[in-house]
Amino acid sequence: MVNELIRGIFSDALRVSLKDPAMAAFFARAAMAQKKAAAIRQKHEEQGLHVPPVMILSVTNICNLRCAGCYSRLVPREHKPEMDTARLTDVLRQASELGVSIVLVVGGEPLTRPDIFDVTRHFPDMIFTLFTNGTLIDEAVLQKFKEQRHVIPILSMEGHQNMTDLRRGAGVYDRLVNDMANLQRNGIFFGTSLTVTRQNYDTVTGESFVRRMREHGCRAFIYVEYNPVRPDTEDWVVTDEQRDEILAKMAAYRASQPGVYIGFPGDEKAFGGCLSSGRGFLHVSASGDVEPCPFAPYSDSSVLDMPLKDALNSRLFKALQEHRDQLMESNGGCALWKKPEWVKSLME
Ligand code: SF4
């Protein structure tokens, strides 16, 4: 099922890139590389190891912004040294050899790491979606994105200017629009990541907002459901009706406003529960801890002292995969976040 979803994403990316032969050729090759990676994962599956196609890789906790409700600051994690260039490269080498084919590069702000493109250049067959606040994209970074098409910038925003600047700080929205103009001018495929709350739902899923962003050159929309990591924000979480409707809206936009539309966590019901904990994706923290998800800071394994392959088979991951019925969270947000005692009991 997840492989099917990935195939759909690449065919949407190819379709929306047809006017640019170089970009279309890139996505045609990328789709082939994804197919090869799926075959590698299938081989491991036959040998009893389930390898997810997606890794969420936190490359730093450092950020130059201080957004309200920033999950990276609110999710409690022990302060430990961050992985250096060699370690990051090694983790990705292991992941690539196992068949992991898509890496969501997150933070903090990934562009605060000057070595990030020195790492990604070694893995041209993997797709890196680099989630950035957009304030550190200069000519040198634009050049890197141009050279490394497999690293796709995803600009984080909350909607129009008022909402984005309210959360992220004055001037951030204008900076993002400027980034879009520069990325489009350089023929770079890019997208936007939108944290969807009950309050901004109508705006960010609305036709006029999507059209406006597409006019700015945006070709991918990643809708991330707000997770109430900050206490007293339960009422920011999208309603069940909004959650169901967003799936229908994305399907409609694929036809009316061509592009890539992805919901996170997406249609969990269709997937039989949350895809975390190595089912569809895993999270590696900036210090190398292997976790179910960025919103679930629980770990019993680290890539600092074991191969990624063994971490995928960790006691915690196995237990969470066996109890995935527990991961069906009815009221939105993250089931693991809401059941800390239960998760801890699985690690004891
Ligand atoms: S840009 Fe991202 S990591 Fe940085 S403060 Fe804002 S939400 Fe947090």
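Numbering of residues starts from 1 in every chain and runs along the sequence as written. Only residues with pLDDT of at least 70 get local features here, since the model is predicted, and only at 80 or more are side-chain atom pairs given and counted; chain-wide, interface and lining totals rely on the full set of residues. Heavy atoms from the whole structure form the basis of all side-chain values; hydrogens and water molecules are not counted.

Student: Please give an account of the packing of aromatic side chains that cites residues and values.
Tutor: Put simply, two rings from Phe, Tyr or Trp (the six-membered ring, in Trp's case) pair if the centres are within 6.5 Å, and we call them stacked under 30 degrees between planes, edge-to-face over 60, tilted for the rest. The tally for this structure, following the rule as stated, stands at eight aromatic pairs. A centroid spacing of 4.8 Å and a plane angle of 65° characterise the contact between Phe27 and Phe189, whose relative ring orientation is edge-to-face. Pair noted here: Phe27 is in helix 2 (residues 21–46) and Phe189 is in the loop between helix 8 (172–185) and strand 5 (191–196), with a separation of 162 residues, a long-range link. Here Phe27 and Phe189 have matching classes, each one buried. On the basis of an interplanar angle of 45° and a centroid distance of 5.1 Å, the ring pair of Tyr226 and Trp236 is categorised as tilted. Remark: Trp236 occurs in the loop between strand 6 (220–225) and helix 11 (240–256) and Tyr226 occurs in the loop between strand 6 and helix 11; sequence separation between them is ten residues. Accessibility expressed as a relative area gives 27% for Trp236, which makes it partly exposed. The rings of Phe26, Phe27 and Phe189 are connected pair by pair, giving a single aromatic cluster. Helix and strand definitions follow DSSP, with helices as H or I runs of at least four residues and strands as E runs of at least two, each counted in order from the N terminus. Throughout this description, buried means an accessible area under 20% of the type-specific maximum (1.4 Å probe, protein chains only), exposed means over 50%, and partly exposed covers the range between.

Student: Which residues make up the pairing of strand 6, and what values do they have?
Tutor: Burial analysis of strand 6 places six of its six residues in the buried class, the great majority of the element. Burial along strand 6 is two-sided: the face carrying Ala220, Ile222 and Val224 and the face carrying Phe221, Tyr223 and Glu225 are both buried. Sheet analysis places strand 5 next to strand 6, joined by six bridges and oriented parallel. Pairing of Thr192 across the sheet is with Phe221, part of strand 6. Should DSSP find at least two bridges between two strands, the strands are taken to pair. Of the strand pairs in this sheet, strand 6 and strand 7 (residues 260–264) are connected by five bridges, and their pairing is parallel. Looking at strand 7, one finds that Val224 is bridged to Phe264. The path from the first strand over the helix to the second decides the hand: if it runs clockwise while the strands point away from the viewer, the crossover is right-handed. Once you follow strand 6 into helix 11 and on to strand 7, the crossover reads as right-handed.

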